[in-house]
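Here is how the chains run, residue by residue.
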Amino acid sequence: MRWDSVAAVGWPVTAAYALAYFASAELGWALSVSIGNYATIWPPSGLSVAALLLTPPRAWPRLLAAGVLANFVSDYALHGLPAWVSLSFCAANVLEGTVAAALVRRLVPQPFTLERLVSTIAFVGVGGGIAVPCGALVGALTVTIAFGKGFGESWLTWWIADLVGLLVFGPLLLAFRNAIGVREAPASRRRIVEAALFAVSTAIATAVVFDLLPPYRGGPIALYPFLLWGVVRFGMRGASAGLVLVSLITVASTLADRGPFAVADLPPLGDMRLAQFFLCITALSFLSLAAVIHERDRAARELGDLYHTVRQSERRLRDVVETMPTFAWTARSDGVIDFVSRHLRTYSGLSEEDASGAGWPAAVHPADIGRHEARWRASLASGDPFEDEVRYRRDADGAYRWFLARAVPLRDERGAIVRWYGVSTDIDDRRRAEALLAGEKRVLEMVARGESLAQVLDGLCRLVEDHADDVLASILLLDGDRLRHGAAPSLPRAYTEAIDGAVIGPRAGSFGTAAYRREPVIVSDIATDPLWADYRETALPHALRACWSTPILSSDGAVIATFAMYYREPRSPSARDQSIIEQITHLAGVALQRARTEEELKKQAALLGLAPDAIIVRDLESRITFWNPGAVTTYGWAAEDAIGRVSHDLLQTRFPVSLAAADAALQETGQWEGELRHVTRQGTAIVVNTRMSLLRDARGAGTAILEINRDISERMRAEHLTRQVFDRGPDAICVVGRDYRYQRVNPVYERMQQMPAEKIVGRHVAEPPGSAIFEQSAKPHLDRCFAGEHVRHGEWFTTAAGRQYFSVSLSPLHPESDRVEAALVIIRDLTDHMLAVESLQTTQAELARASRVITLGELTASIAHEVTQPLAAIVTNGDACLRLLATDLPNLSETRKAVASIIRDARRAVAVVARVRALLKKSDVDRTPLDLGQVIRDVLALVQSEMARHRIVLRTSLADDLPPVLGDRIQLQQVVLNLLTNAIEAMRDVAGRRRGLLISARRDDIGPDAGVLVAVEDAGVGFEGASVDQLFETLYTTKPDGLGMGLSISQSIIRSHGGRLWGTPNAGHGATFQFVLPAWIGQTP
Amino acid sequence: MSGDDSIVFIVDDDPSMCEALTRLLGTVGRRAQAFNTAQEFLSTKRPDTPSCLVLDVRLPGLSGLDLQRELAKADPPIQIVFMTAHGDIPMTVQAMKAGAVEFLTKPFRDQQLLDAVQQAIDRDRIARRHRAELAELRQRHESLTPREREVMTLVVTGLLNKQIAAELRTSEATVKAHRAQLMHKMKAVSVAQLVRITERLGFLPPGR
């Protein structure tokens, strides 16, 4: 029954308590001294304090009330005490109970139990030492007042009585209500018998001591063993029960004047006091003893429990250790092994004695013993955790396996090592796997390094041979439907050559069949297996008895090679063999695939190297990471110089839009294309067409930028040039399509047509000039051009600007195909040129004619011919006439004809002469004001080719301020021509010096008037001994073919113009001929 | 002087001159044909009669001297009489060296011309006769058999029949027969004549 909650203390409990209180109060009354009503022992004190200690404070009011009620009933109703006295007594008891319970509650932790020594002392001390005196105070006061007894004595009596009641009855209740809420196990029969025996015997003993035996003062002492029995065997319960029995009998006996205490020589109360004293001390002692024993018991029990728990744990641990599949061991602090787990014992065959002694090295691989021991010693010395990989011998087959042995020390609270605890783990499989992995890694490294396929395959075969015992590995590569030798480091050469080129098929040995079926083929015995029917004789002589083959597949599942593993005995693969084979086959697939991919990549990389465009890869900070040979050519920087540099700095990039804009576009769309300006290493600025792409990683974030640049400077220059030519050239250019419509026109053409380009483009060519002209002139040329011919022609056209000469050229254009799509028409205005040519031709003709007429030699020849002809005819006709008349019958008709011919011819002769004279006379009428400079220039134009032919170096010095001269242009041109011709002739045979000819014209003054002086200076043969006068003589000539007319005629022309002509020899070589003419001062002739 | 079939060709660029000359030649009964350019003359077929050419040096296109050169290459050659309005000595010398009959300067006396023409025609006649004779001789030679030619070749070297027979490995009688035949064919009466014929034909025997 739990009494620690208020609810538990219900009305039944309270009522029971009230009854108990009443009963105990009656008992107290019964045991009180009849004289003066002194209680000798007041049980309710103990009861109430015990009850209050067992219940929560909230329940105290009802309990106290119940007690008060019981007490009142007892005191007032039954024993006739005045009401107020009994109430006062109640108050005293209440006070006592409350104070005791409250204080003890404070001092001692709940739940309250006497089994602790502290609690007992508190109970006794506080209850008996504080609470009871307080209550006694009130009671004594009441007694003093009510009955007039002495306060001190009353107080003492009350105190002692309550104290005894407290000490005896309190524990009783407490002890039997000790187990709070715990159902006690039913006591055994023996125990019940013993308890009964104890109670009875104690009671009897007490009775004997106090009642039956003669009073012996030491008598009560004899009760102690019984109480001891109770305490020792039954704890607090025994103690309290015993005490109650003893107390009751003692008090009753003493009251009845029996027993050791009832001695006559003591005052009547004295013996009671003695008894009470005896009881108090006894109670105190045995309660304390009981508490101590309880505590000891508990400690022992706890220790026992602990011990039990520890033993159980240890057992469990041992079980765990023994059962777990690790090898565990422990060692003492000096390193001697004292425990080896069962698995380890089984494995190594060692017993614990062997292990602890010097026997453990027998289980360790000889090569590892030294190191292992050294490490162990080191750990023992330093206290650091121990670790070592070591081979243990397996007792079952004597094989060694790798283990990882580790041990950690256990330290006590001082830090000293108490024990070592170690575990060894089997890492043999792991080590093998590591070795295999290392082998695989090596092979992969070979692949990554780009080693040759043969080496990689050889490495793979050796890997298999290292990890599987007794195997001879080989790899065959599939080529079409034949298997070619790949690698076979351990197989005999003769065999591998024999099977090289084998065709795969359903029965082509293990290797061929595996490739055919695309699955592993195991042949345990070559001698008997049908798959080897064709190859048996090849394999058996080389002592190959078993062959396992697996196909090696590419990532898309195609067979690229087969593995073939041979054994010298018939055998089938174990699971371990198969797993190794699988692993290595997979690796082989990867390696082979990789090797193929490598080759492909190399080819592609070579293409990159061949590409003429510059291919650059740069990271997001524009640092160059890749620079192909095309870039080296384009920019002049070698790869090692370029890589790592920021591309925009290296190439001095100029973007058409800002760099930020380009980058933004690139980030957004992943592409950017445009034209940039770059500067090469040599400092040349080039224009490149760039295409940039953003390279992204698997998550889509940009990682690098790929740039492909093409130098288009040449093209741009060409385009620019073409544009310049088209737009700025002096000629009119247009493009006409096959439909005879304009497609493009240039500015000069616009000006020519006097229309803007927009109006011209699209129009039919026929429109402006009129369709007739188009049909006649433009269309035929265009058609010829469209047929592929380059057409060129020049014509006079009548245009808005007047009569113009145009040279037109038509070139066929094939922009995309072989077919002529359009004609490029270029029109050059040659009007001025043609006019100049015409004028020159006219001048030349006139001059030629003039010269022919004026030069006397020519004249003579022409006269001679033209006149002689008719004269000769006249003579002959005359002779004919005479002959005709000399006959007898003259032929008169013929004669008349002859005479008519004579007259005709004579007239002809006269006409010739007249014409010549007329020509000679022509000169007088045509005199105009002339610019002599222009006259000279015109003549120079005529003799240019002559001078070039004779390698004459011409210098002119024609002044700008020449005054006009009145004269006959033709005649004066003739004079200049004569002088020039003479000069050229004079220098014709000059060698060794410059054939320099200087013609000059400047202002000069003759007499009072202004004039023009013209001089022709040559570096020729000079006068050659002749005098000036001789030169001017008619017919004088130094020229071998000359007739000597030139100079004299020239002189007469100049004289007739009012001037003078003379010649002087030069200081050096040659001569200078000059003439001076008067300036025209505005008079008309 | 009259009545023969000879013809005189005239080439002169002056039509008056051509007319006058034709008239003059007509007075002595000679036929004449006139051309204005050398080219015209060259392209006209000449009849096969004695003829000569009266040629002006100064002609448009092909000059007279050039024509002379051309005609020298041609066959049969023609006799040329040059005339000119003005002449110089080198031209005259060149023309005469090249085989011209005469070089006359205009105006010339009628008799000069007529004499030159006569001379030219006569020359032409002689030349023709010689050519005809030669042709005849050639024909005769052609008619010989090869054997006869061989014999003739040896005969004109002065060998006796006996020697000839030895040379040709045949009998003297055969040689004699051949000899008679060839003499007949060649219409030669003596060895000396045969030799002359051979010379004329150009088959001069190698000296022995």
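Residues numbered from 1 in each chain as written. Chains lettered and ligands numbered in written order. Predicted model: local features only at pLDDT ≥ 70, side-chain atom pairs only at ≥ 80, totals over all residues. Heavy atoms only, no water.

## Quick look at helix H2 (residues 43–54) of chain A
Residue and element names in this part refer to chain A. Inclusion rule: Starting at the N terminus, helices and strands are each numbered in turn, a helix being any DSSP run of H or I of at least four residues and a strand any DSSP run of E of at least two. The span one expects for a helix is its residue count, reduced by one, times 1.5 Å. Each residue's exposure class comes from its accessible area (1.4 Å probe, protein chains only) as a fraction of the maximum for that residue type: buried when under 20%, exposed when over 50%, partly exposed otherwise. Note on contacts: a residue pair qualifies if any of its non-hydrogen atoms lie within 4.5 Å across the two residues.
With 12 residues, H2 should cover 16 Å at 1.5 Å per step; its first-to-last C-alpha distance of 17 Å lies within 8% of that length. When H2 is considered as a whole, its buried residues turn out to be Pro43, Pro44, Ser45, Gly46, Leu47, Ser48, Val49, Ala50, Ala51, Leu52, Leu53 and Leu54. Packed against the buried residues of H2 are helix H1 (11–30), helix H3 (60–78), helix H4 (83–107), helix H5 (117–147) and helix H6 (151–176).

## Examining the side chain of A:Ser1050
Residue and element names in this part refer to chain A. Using the following cut-off: Pairs of N or O atoms within 3.5 Å make up the polar contacts considered here, provided that, within protein, one atom can donate a hydrogen while the other can accept it, and that residues adjacent in sequence are counted only when both atoms are side-chain atoms.
Tracing the chain through its elements places Ser1050 in helix H33 (residues 1046–1056). For Ser1050, the side chain forms a polar contact with the side chain of Asn978, separated by 2.8 Å. In contact with Ser1050, other than residues within four places in its own chain, are Val975, Asn978 and Leu1061.

## Description of the packing of helix H1 (residues 15–27) of chain B against helix H5 (residues 110–142) of chain B
All names here are of chain B. What counts here: Here an axis means a line fitted to C-alpha atoms, over the contact stretch when the element is a helix, while the angle between two N-to-C directions is reported on a 0 to 180 degree scale. Under this scheme an angle from 65 to 115 degrees is roughly perpendicular, one under 35 degrees roughly parallel, and one over 145 degrees roughly antiparallel; angles in between are oblique.
As a packed pair, H1 and H5 sit with axes 11 Å apart at the nearest point and diverge in direction by 70 degrees. The orientation of H1 with respect to H5, classified from their angle, is roughly perpendicular. Residues Leu21, Leu24 and Leu25 of H1 touch H5, and the partners they reach there are Asp110, Leu113, Leu114 and Val117.

## Digging into the interface of chain A and chain B
How we decide: Buried area adds together the accessible area that both of two parts lose upon being put together, with accessible area traced by a 1.4 Å probe. Only one rule defines a salt bridge in this text: a Lys or Arg side-chain nitrogen within 4 Å of an Asp or Glu carboxyl oxygen.
The interface of chain A with chain B comprises 20 residues on the first partner and 22 residues on the second. Note on chain A versus chain B: buried area summed over both sides is about 1,700 Å², and carbon and sulfur give 53% of it. Looking at the side of chain A facing chain B, the largest losses of area belong to A:Gln869, A:Thr876 and A:Arg883, adding up to 34% of the total buried there. Viewed at the interface, chain B and chain A are joined by four salt bridges. A salt bridge links A:Arg904 to B:Glu19; the shortest N-O distance between them is 3.2 Å. Our count for the chain A to chain B interface comes out at 13 residue pairs in polar contact (both at pLDDT 80 or more). For the side of chain A that touches chain B, the secondary-structure elements that each account for two or more residues are helix H28 (856–885) and helix H29 (892–921) of chain A.

## Describing the packing of aromatic side chains
All names here are of chain A. Short version of the rule: Working definition: a ring pair exists when centres of Phe, Tyr or Trp rings (six-membered ring for Trp) sit within 6.5 Å. Plane angles under 30 degrees give stacked, over 60 give edge-to-face, the rest tilted. Remark: a charge is flagged as sitting over a ring if the NZ atom of Lys or the CZ atom of Arg is within 6 Å of the ring centre and within 35 degrees of the ring normal.
The full count for this structure, using the stated rule, is 26 aromatic pairs over all chains. The interplanar angle of 75 degrees and the centroid separation of 6.3 Å between the aromatic rings of Trp532 and Tyr566 together place this pair among those described as edge-to-face. Residue Trp532 is located in the loop between strand E9 (521–523) and helix H17 (536–539), and its partner Tyr566 is located in strand E11 (residues 559–567); the two are separated by 34 residues in the primary sequence. Given a relative accessible area of 0%, Trp532 falls into the buried group. The class of Tyr566 is buried, set by a relative accessible area of 0%. A connected cluster of aromatic rings, assembled from ring pairs, spans Tyr495, Phe511, Trp532, Tyr535 and Tyr566. Across the ring face of Phe726, the terminal group of Arg744 is positioned such that the distance to the ring centre comes to 4.3 Å. Across the ring face of Trp1062, the terminal group of Arg1060 is positioned such that the distance to the ring centre comes to 4.3 Å.

## A few points about unusual backbone geometry
In this model, B:Lys106 is joined to B:Pro107 through a cis peptide bond whose omega is -15 degrees. One can find B:Pro107 in the loop between strand E5 (102–105) and H5. Look at A:Arg951: it is not a glycine, yet its phi comes out positive at around 55 degrees. With respect to the element layout, A:Arg951 can be found in the loop between helix H30 (932–949) and strand E23 (953–958). A positive phi angle is found at B:Lys187, which is not glycine, with a value near 55 degrees. Tracing the backbone shows B:Lys187 in the loop between helix H8 (172–185) and helix H9 (191–201). Assessed through its relative accessible area of 53%, B:Lys187 is described here as exposed.

## Focus: the confidence of the model for chain A
Short version of the rule: Every residue carries a pLDDT, the predictor's confidence in it, which falls somewhere between 0 and 100.
Summing up the model confidence of chain A, the mean pLDDT is 82 and the portion of residues at 70 or higher is 90%. Counting contacts from residues 1040–1044 of chain A, a segment whose pLDDT is below 50, to residues more than four positions away or on other chains yields 10 contacts.

## Section: the environment of A:Ala239
Residues and elements named next belong to chain A. Within the secondary structure layout, Ala239 lies in helix H8 (residues 224–255). Along the backbone, Ala239 and Val168 are 71 residues apart, and their C-alpha atoms lie at a distance of 9.3 Å. Apart from residues lying up to four places away in sequence, Ala239 is in contact with Gly230, Val231, Phe286 and Ala290.

## What about the nonpolar core?
The nonpolar side chains of a soluble globular protein tend to be buried, and buried together. This is how it is decided: Note on terminology: a nonpolar core comprises buried Ala, Val, Leu, Ile, Met, Phe, Trp, Tyr and Cys residues joined through side-chain atoms within 4.5 Å.
One finds A:Phe112 and A:Phe123 to be the most contacted residues of the largest nonpolar core, which totals 66 residues. No other element matches the 11 residues that helix H9 (residues 268–323) of chain A contributes to this core.

## Observations regarding the sheet that holds strand E1 (residues 327–332) of chain A
Residues and elements named next belong to chain A. Quick note on the threshold: Criterion used throughout: strands pair if DSSP finds at least two bridges between them.
The antiparallel open sheet is built from five strands, whose spatial order is E2-E1-E5-E4-E3. This sheet does not close on itself; its edge strands, each paired only once, are strand E2 (337–340) and strand E3 (386–393). Strand-to-strand twist in this sheet, taken as the mean axis angle between neighbours without regard to direction, amounts to 25 degrees. Here E3 runs beside strand E4 (residues 400–411); their pairing, made up of eight bridges, is antiparallel. By the bridge assignment, Glu387 is partnered in E4 with Arg406. In this fold helix H12 (residues 366–382) packs onto E1, E3, E4 and strand E5 (417–426), with an angle of close to 150 degrees to the strand it touches most, E3.

## Thoughts on a nonpolar patch on the surface
Residue and element names in this part refer to chain A. What counts here: Patches in this entry comprise residues that are over 30% relatively accessible and not in a salt bridge; like charges within 9 Å are linked, as are nonpolar side chains (Val, Leu, Ile, Met, Phe, Trp, Tyr) within 5 Å. Values of accessible area rely on a 1.4 Å probe in the Shrake-Rupley scheme; residue burial ignores everything except the protein chains shown.
A cluster of nonpolar side chains, contributed by Trp84, Leu137, Leu141, Ile145 and Phe151, occupies part of the molecular surface with about 500 Å² of accessible area. It is H5 that contributes the most residues to the nonpolar patch, three residues altogether. By secondary structure assignment, the location of Ile145 is in helix H5.

## Some details on the pairing of strand E4 (residues 79–84) of chain B
Residue and element names in this part refer to chain B. Note the threshold: Assignment of crossover handedness uses the view with strands pointing away from the viewer, where a clockwise path from the first strand over the helix to the second indicates a right-handed crossover.
With respect to burial, E4 is a largely interior element, six of its six residues being buried. On E4, burial covers both faces: Gln79, Val81 and Met83 on one face and Ile80, Phe82 and Thr84 on the other are all buried. Each parallel crossover has a hand, and the one from strand E3 (residues 51–56) via helix H3 (residues 64–73) to E4 is right-handed.

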